[in-house]
Amino acid sequence: MPARSGGLARALLFTLLLLIPLVFSRETVEAFEFNKVTLLHAGALALAALLAIRLLGARPVPGGWRMDPLALGVLLFVASALVSTLASISPLTSLYGTQESYAGLLTVLAYGILFAATRAVIGGVEDARRLLLAPVVAAAVVGAYAVVQVLRVDPVGYGRISEVTGLVRPFATVGHPNFMAAFLVMAFPLAVEAGRCALANGQRAAAAVFGAIALLAGVGVAASVSRGAWVAFAATLVVLVAGWLAIGERRSGLALGGVLAATAVAVLGLGAATGLLAGVLARLREFGQATSRTHIWTAAWAMFREHPVAGVGLDAFQLAFERHRTAAYWLVEWNGSPAKAHNEALHVLATQGALGGLAALVLAAAVAAAAVIAVRRGGDRPLAVAIAAALAGFAVSELSSFTVAACGTLAVVLAAVLGPLCSPPAAVAAPGDLRLAATLGVAGLVAAAVYASNVDGATLDAAPIRAVGALVLVVVALAAGAAAVALERHDAPAAARGAAPEWSAGAWAAVAVVWLAAGVLAWGFVLRPWEASQATRRGMLLTPHDPARAVAFLERAVALDPPVAFHWVKLGAAAHAEARTARDAAARRRPLDRARAAFERAVELVPVSAFHHANLGRVLADLARDGRARPEDVWPRFDAALARDPANAYFSTDAATAALGLGDRARAARYAAQAAALYPRFALAQSILGHVALADGRAEEAARVLAAARGLDWHGVGVARAVAGSNLAAAYLQLGRPADAERAAREALAHAPSYVDARFNLGRALEILGRRAEALAEYRRIVAEQPDYELARGALRALGAEVNPAASTPGPGAPRR
């Protein structure tokens, strides 16, 4: 085992490059990036163990590891990430990464290990060529999957998809159209280079397969309708063509022209059947628009100015953005909180400060210098050109996006490979112990199992034609793998390995300790967080209809991964939802206490988050209504949330709703007026002001405000809309306008059929209009659904109708929020 650590490391690197773009799971909270980063962390731990074993064996490093400018840039960047984490506004967030990003210090360290491992075990050109077949095979699957999604034959039944003028924007196995396109942009020149090499070897069938992969990549980039990816693709082509001209590879331009022409034909063909051309044209018309990103970039620059040395903290952009959110941005994105700056340069400055910016600058300069050296006098100039083109595409795409695991892993490996390529041909060795066919077979089986686990059987039953999509992916993957094996066998014959050195018992014990340490770290930082994410997802799915069971799953999640505030937030939300299903204060006590404890823990873990304070304020308000908390404890929480995120409309309206529930109408009016001043067309804020007017006896003003609110922007808040309609009906009843009250109550019930206050107001309106039978039917329906609703029971008694015995707890008044 120790003697073969280099070969195992090469196989593991290949597997990571192949699988990270492909793995996803709908069983975790976030299906794509979380699983890719989890695999990256696991792979990095295994690579670190293998490197440690190589050091124990005192084996020479094939790549001649040295502290050159490229390695120095990586080291500086990792060091700046560590400083940024220590100085972060939320150190735990910077360590683990925020939800849906997962780009904390652990991920940066994993990238550093990946770079070091690549430099240590890739000994020369042939090693590099073998390794870089992995992203080409992955690109074949990703590109084919993009076409499958555009044609709407994806066997995985996704609930949400992105569309532009009827075109399904494909995201394949990468999770987002922009990220998919960025990966394909990087893989395109590698596929073209593999095809060029196959042609040079006389392998026409393999060359045709690699050309088809490049074609799929081009189609995927076009179908993504990602403007940033289009610009990055153009940059890749420019570097590729310029590099070929510089090294005298003019014939390669003909092959590239053929691929691009075929791509254009394919796009036109898909456009005729799927609306692809309409989507492309729509994107072209809005090419220069970046409304939301302008706000984000402005906030990022402000963060850098406030924290110029170390930034706000690695991956803490979303937390810092809360204070920099403007009403103008809220109107554009409405309750959106970006986790990234959508420009990697600005993001690094905002989160890592000048230290991170300087490190990134050194790293970028070192990569550029190494690429120039490799192209001018390296051991494989055509491959160096392809790598330079891929890295150029990555750099350009990062100007309007951010690094995800699929692209970041490939970029790190490409940068590391430049070192061996800078060596002259005579200095290159070919260990040849990757065992490509076996590695591809194992990784392919894993990828197939992962994909099959995500296929929705109900989707296939409803549309069997979608099985064709799965068949296409299998055929494309097999063809790509076969072409990769054929090319590797032609270009890279295996070299004989020397005899394994003798190892002492102490060395073997040290190896055992290394693997034990790696296993312990994997258990704590990979396996447990992955299980916690699965438990949290189950809890989130159960919360709307079975919150008690949801709490059980979420209790397991916080036990598995206690430092992550996200799990505590979801536990608090589930417990709070369970409390709302209870009919009396005694039944609410336990879940409310659990919700309070969970939200308090989230505040302790990430005190800078405005959302955690607001969540705690909502629970305290419910506890105060039950007499188990003081009202004066509620408002500091909402005020803390608004101090951190003053432009958040929902914090103001939630605080106003809590004040109404506690009978503090003056405070409710102040909070609602704050939201209404920022967002005059926000219907919820206006409806609360109308409710206050109604409760204060100003029925005419209440009717006017509530009637106007019906035509404003509700942003999908259906229950609040029903409450406003019910209150409007109550106001009309007070004004002696029963016909208008009936219309308002029916409109409210259309949004929430089970809302008993609206149904009671409907019954009152019908009763006043002389429609006694209809009124009785509404009152009886209320009593059947909620026996303790005393107003309906009293109305039945007043009309001389029989009331079935039930609990006599007084019901709420007709106007209620």
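Above: the structure in question.
Conventions adopted
Residues numbered from 1 in each chain as written. Predicted model: local features only at pLDDT ≥ 70, side-chain atom pairs only at ≥ 80, totals over all residues. Heavy atoms only, no water. Helix = DSSP H or I, 4+ residues; strand = E, 2+ residues; numbered from the N terminus. Expected span 1.5 Å × (residues − 1). Buried < 20%, exposed > 50% of the residue type's maximum accessible area, 1.4 Å probe, protein only. Axes fitted to C-alpha atoms, helices over the stretch in contact; angles between N-to-C directions. Parallel < 35°, antiparallel > 145°, perpendicular 65-115°, else oblique. Left-handed = near helix turned anticlockwise from the far one by under 90°. Contact = heavy atoms within 4.5 Å. Nonpolar A, V, L, I, M, F, W, Y, C, P; charged D, E, K, R; others polar. Salt bridge = Lys/Arg side-chain N within 4 Å of Asp/Glu carboxyl O. Phe/Tyr/Trp six-rings, centres within 6.5 Å; stacked < 30°, edge-to-face > 60°.

Engineer: Honestly, helix H24 (residues 565–581) in this entry has me stumped. Any pointers?
Structural biologist: Think of an α-helix as 3.6 residues a turn; residues three or four steps apart then line up on the same face. In this model H24 runs 25 Å from its N-terminal to its C-terminal C-alpha over 17 residues, within 8% of the 24 Å that 1.5 Å per residue would give. By the criterion of burial, H24 is predominantly enclosed, with 13 of the 17 residues buried.

Engineer: I would appreciate a short explanation of the packing of helix H10 (residues 227–247) against helix H17 (residues 381–397) in the present structure.
Structural biologist: Here H10 crosses H17 at 155 degrees, and the two axes come no closer than 8 Å. As far as their axial angle goes, H17 and H10 are roughly antiparallel. With respect to the hand of their crossing, H10 and H17 are arranged in right-handed fashion. On the side of H10, the interface is formed by Val 231, Ala 232, Ala 235, Thr 236, Val 239, Leu 240, Gly 243, Trp 244, Ala 246 and Ile 247, while H17 contributes Arg 381, Pro 382, Val 385, Ala 386, Ala 388, Ala 389, Ala 392, Gly 393, Val 396 and Ser 397. Considered class by class, the residues forming the contact of H10 with H17 number 15 nonpolar, four polar and one charged.

Engineer: Looking at this structure, how should I read the side chain of Arg 196?
Structural biologist: Relative to the elements of secondary structure, Arg 196 occurs in helix H8 (residues 177–200). When its relative accessible area of 17% is taken as the criterion, Arg 196 is described as buried.

Engineer: Would you take a moment to explain the packing of helix H13 (residues 291–306) against helix H16 (residues 344–377) for this structure?
Structural biologist: If you want to describe how two helices pack, look at the angle between their axes and the distance between the axes. Their axes nearest at 8 Å, the elements H13 and H16 cross at an angle of 20 degrees. One finds that H13 runs roughly parallel with respect to H16. In the packing of H13 onto H16, the handedness of the crossing is left-handed. Of H16, the residues touching H13 (which contributes Trp 297, Ala 300, Trp 301, Met 303 and Phe 304) are Leu 346, Leu 349, Ala 350, Gly 353 and Ala 354. Of the residues in the contact of H13 with H16, the class split is nine nonpolar, one polar and no charged.

Engineer: Would you mind showing me how to read unusual backbone geometry here?
Structural biologist: Excluding glycine, residues mostly carry a negative phi; peptide bonds, for their part, are mostly trans. One non-glycine residue, Val 225, lies in positive phi territory at about 40 degrees. As for its position among the elements, Val 225 is in the loop between helix H9 (204–223) and H10. Classification of Val 225 as buried rests on a relative accessible area of 0%.

Engineer: Please explain the pattern of salt bridges as it appears in this structure.
Structural biologist: Where side chains of opposite charge bring their charged atoms close, a pairing between them can arise. Enumeration according to the criterion identifies 38 salt bridges in this entry. The salt bridge involving Glu 632 is made with Arg 630; its shortest N-O contact spans 3.7 Å. Exposure remark for Glu 632: the relative accessible area of 46% places this residue in the partly exposed category. Of the charged contacts, one joins Asp 664 and Arg 667 as a salt bridge, the two residues approaching to 2.9 Å between their closest N and O atoms. Residue class for Asp 664 comes out partly exposed when judged on its relative accessible area of 25%. A residue is classified by how much of its surface remains accessible, and Arg 667, at 22% relative accessible area, is partly exposed. Through salt bridges with shared partners, a single ionic network connects Arg 129, Glu 193, Arg 196, Glu 249 and Asp 380.

Engineer: Would you mind going over the packing of aromatic side chains with me for this structure?
Structural biologist: Aromatic rings in a pair are described by how distant their centres are and how their planes are angled relative to each other. The full count for this structure, using the stated rule, is 21 aromatic pairs. Measuring from centroid to centroid gives 5.6 Å for Tyr 145 and Tyr 451, while their planes differ by 80 degrees, and the two rings are edge-to-face. Taken together, the residues Tyr 145 in helix H7 (residues 133–150) and Tyr 451 in helix H19 (residues 436–454) connect sequence positions 306 residues apart. Aromatic side chains Phe 321 and Tyr 329 sit 5.0 Å apart centroid to centroid with 75 degrees between the ring planes, which places their arrangement in the edge-to-face category. For Phe 321, a relative accessible area of 1% puts it in the buried group. Among the aromatic residues, those joined into a ring-pair cluster are Phe 24, Phe 32, Tyr 145, Phe 171 and Tyr 451.

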